[in-house]
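Spelled out, the chains give:
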Amino acid sequence: MAAKPYYITTPIYYPSGNPHIGHCYTTVACDSIARYRRMQGYDVMFLTGTDEHGLKIEQKAAEKGVTPKEYVDEIVKTFKKLWQYMNISYDRYIRTTDDYHIETVQKIFKELYDKGYIYKGEYKGKYCTPCESFWTDSQLVDGKCPECGREVIEAKEEAYFFKMSPFADRITQLLTETDYLQPKTRATELVNNFIKPGLEDLCVSRTSFKWGIPVTFDPEHVVYVWVDALSNYISALGYYNDTYHDYDHYWPADVHMVAKDIMRFHAIIWPAILMALDQPLPKHLAVHGWITFNGQKMSKSLGNVVDPFVLGERYGADAIRYHILREMALGSDSSFSNEVLITRINADLANGLGNLVSRTVAMVDKYFGGTLPEEREAGEFDDDLIATATALRNKVDYFMDQTQLNNALAEIFKVVSRANKYIDETAPWVLAKDESKKTRLATVLYNLLDTIRIISTLLSAFMPTTMPKIWEQIGAGVSERTYDAAATFGVLPANVTIQKGEILFPRIDVEKEIEALNAIIKNNEPQKPAEEESAPVAELAPEISIDDFAKVDLRVAKVLECEKVKKSKKLLKLQLDDGMGGRQVVSGIAQWYKPEDLIGKKIILVANLKPAKLCGVESNGMICAADAPDGSAKVIFPDQTLPCGAKIR
């Protein structure tokens, strides 16, 4: 029997700037669902892409002195690089600049015009350039865009409009009487805010900019974003083009997943367009919140962006995938916090899953040389662990069907906790001391290995990089880590052989990491342009030869201890690791540095300076510093990875 089709889409992202962690949630969530459905045996089509037209792109490109296409080409490369890095398994990537998409959009626009749903008029009203949205006065919040809070401008131009009112009743029914919208709690606000006051006709063309798809029968107009962008979901399947031929197989979509700021367009406008085209409606629209930082939506323009490449380099893509999926409840915002991120990685991944795997594998290796004997002896606590593990798949299935990925992960990690508790209950280290308990010990360890097999199989949709490492460590073959096998206990061979491996999730020093991440975020804050200050130009010292310079021995040293010199307001006494047994140096920098500012830092040391006494304290060398424009001295810190004693030349 042919596999049942399953079609899932992200929104197509607007490439006005590089992607950030806020972009990752939707794509990682869709990827996890797509992987899970593939594991269940579905024929999956997973679509993502970029929405590349519009005034904002035209303006950004002009600022950089490139064409709009050249501009978006570079941004798209970064999006694709990120999706590769985050292990996103999309099947198709659509760009609205693709020829086949342009063909589809032009044909859809013409059909809607021919049917009388599109007509020419004049637009007057408020327009938000960043959101590319028109708003009525009643929809503005404090005179600003209700979506992003930015200023709006008065707009007036000739435009084509799409008639929305003929579809008001059907859309109301779709939102209130079906499970199309997830979570359904959003339906009431959409109906009350946009449909009951009267659905206004939608502006679907523009003449004030040229970067868009031309209207075939009126080339002064370009097709406006919502007909252009929304049509990607069907143009990518070959609707009204010959590039692909999947429309009849995959449409209607099983899930469109979007963030709440574009919910209105997918819940009202997109169904109306499909109704006008006499095409089936998508089955579900899953709406999630924003990843926020200090209560604000993550945004390049707000300067609160966290770079996913940086986070991934520090903790691995799977840890980031897990954190954002575990924190985000469908329909709600999720606040990004350095402390929550690190605590979650430590608690769930390092102390929870990673500890479970490493303890179990280590005990099999220690007590049985890596291969379990086949004899078994059941005992207390076995039945509860086995029942918990075998019930897991159905619970995960339920939450995946509801697109509640955070709850699916919570269920998986309940079993992780139960397995760790089982170790404490059965105390394998005690059993190992009694030769007559070897069979019982083997049973306990087998139960743990098989529980880990079930956990890791279901987690593979969420953390696809790490789970193969676990399978290798616990000795799980291909047939033992399938979806079907995840509902059955006792699948691993009785004489399973483990393979000790790397630590999956190293524990993180919370304080140091929070400090490091805060610095990363601070570096992402927009800086006001300012003229760089120049230090006063000091008169050059007399020329020296290379031989003279060679007499100065500069070395890298690390500050081990630092304290103020009691008889002086200017001096600090430093104990240094210079790679040569250590030394003490006195430096006149106390008015600019506290001792704690320097401890642990590497500095540049003049190592062969003649010893001297300053305020009665011996100094064996000098620390290099530079004059700052404000008259202060700034210690020169070399690359902190250089070893102590390294010679500078």
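Going by the structure above, here's the rest.
Source: prediction; values computed, not measured.

Conventions used here
Residues numbered from 1 in each chain as written. Predicted model: local features only at pLDDT ≥ 70, side-chain atom pairs only at ≥ 80, totals over all residues. Heavy atoms only, no water. Helix = DSSP H or I, 4+ residues; strand = E, 2+ residues; numbered from the N terminus. Buried < 20%, exposed > 50% of the residue type's maximum accessible area, 1.4 Å probe, protein only. Contact = heavy atoms within 4.5 Å. Areas by Shrake-Rupley, 256 points an atom, 1.4 Å probe, with all protein chains shown as cover. Lys, Arg positive; Asp, Glu negative; His and termini not counted. Charge placed at Lys NZ, Arg CZ, Asp CG, Glu CD. Core = buried A, V, L, I, M, F, W, Y, C linked by side-chain atoms within 4.5 Å. Salt bridge = Lys/Arg side-chain N within 4 Å of Asp/Glu carboxyl O. Phe/Tyr/Trp six-rings, centres within 6.5 Å; stacked < 30°, edge-to-face > 60°.

For the protein, the count of helices and strands is 22 helices and 26 strands. Dimensions of the protein, computed from the C-alpha atoms along their principal axes, are close to 95 × 85 × 40 Å. For the protein, the residues scored as buried account for 52% of the 649 residues in total. Sequence-distant contacts in the protein: of pairs separated by 6 or more residues, those separated by 24 or more amount to 75%. When the accessible surface of the protein is split by element, carbon and sulfur atoms take 49% of a total near 30000 Å². Between the mean site of the 76 positive side-chain charges and the mean site of the 89 negative ones, the protein shows a separation of 5 Å.

Tyr315, Leu353, Leu372, Ile412, Leu445, Leu459 and Phe462 are the most contacted members of the largest nonpolar core, which has 106 residues in total. Per element, the largest residue contribution to this core is 13 residues, and it comes from helix α13 (residues 338-368). Beyond its immediate sequence surroundings of up to four residues, Leu459 is in contact with Leu353, Leu409, Ile412, Phe413 and Met467. Core analysis: the second largest hydrophobic core is formed by 72 residues, Ile108, Ile213, Trp251 and Ile268 among them.

Okay, the pattern of salt bridges next. Taken as a whole and assessed by the stated rule, the structure comprises 36 salt bridges. Its salt-bridge partner being Arg35, residue Asp31 comes within 2.8 Å of it at the nearest N-O pair. Separated by 4 residues within a single helix, Asp31 and Arg35 lie in helix α1 (residues 21-40), roughly one turn from each other. The shortest N-O distance in the salt bridge between Asp73 and Arg95 comes to 2.5 Å. Residue Asp73 is located in helix α3 (residues 68-85), and its partner Arg95 is located in strand β3 (residues 92-95); the two are separated by 22 residues in the primary sequence. Overall, Asp73 belongs to the partly exposed group, its relative accessible area being 23%. Each of Glu52, Lys69, Asp73 and Arg95 takes part in salt bridges that share partners, so that together they form one network.

What follows deals with the packing of aromatic side chains. Enumeration according to the criterion identifies 26 aromatic pairs in this entry. An angle of 10 degrees between the planes, with centres 3.7 Å apart, marks the rings of Trp226 and Phe265 as stacked. Placement of Trp226 in helix α7 (residues 225-230) and of Phe265 in helix α10 (residues 263-276) is noted, with a sequence separation of 39 residues between them. Assessed through its relative accessible area of 10%, Trp226 is described here as buried. Accessibility expressed as a relative area gives 3% for Phe265, which makes it buried.

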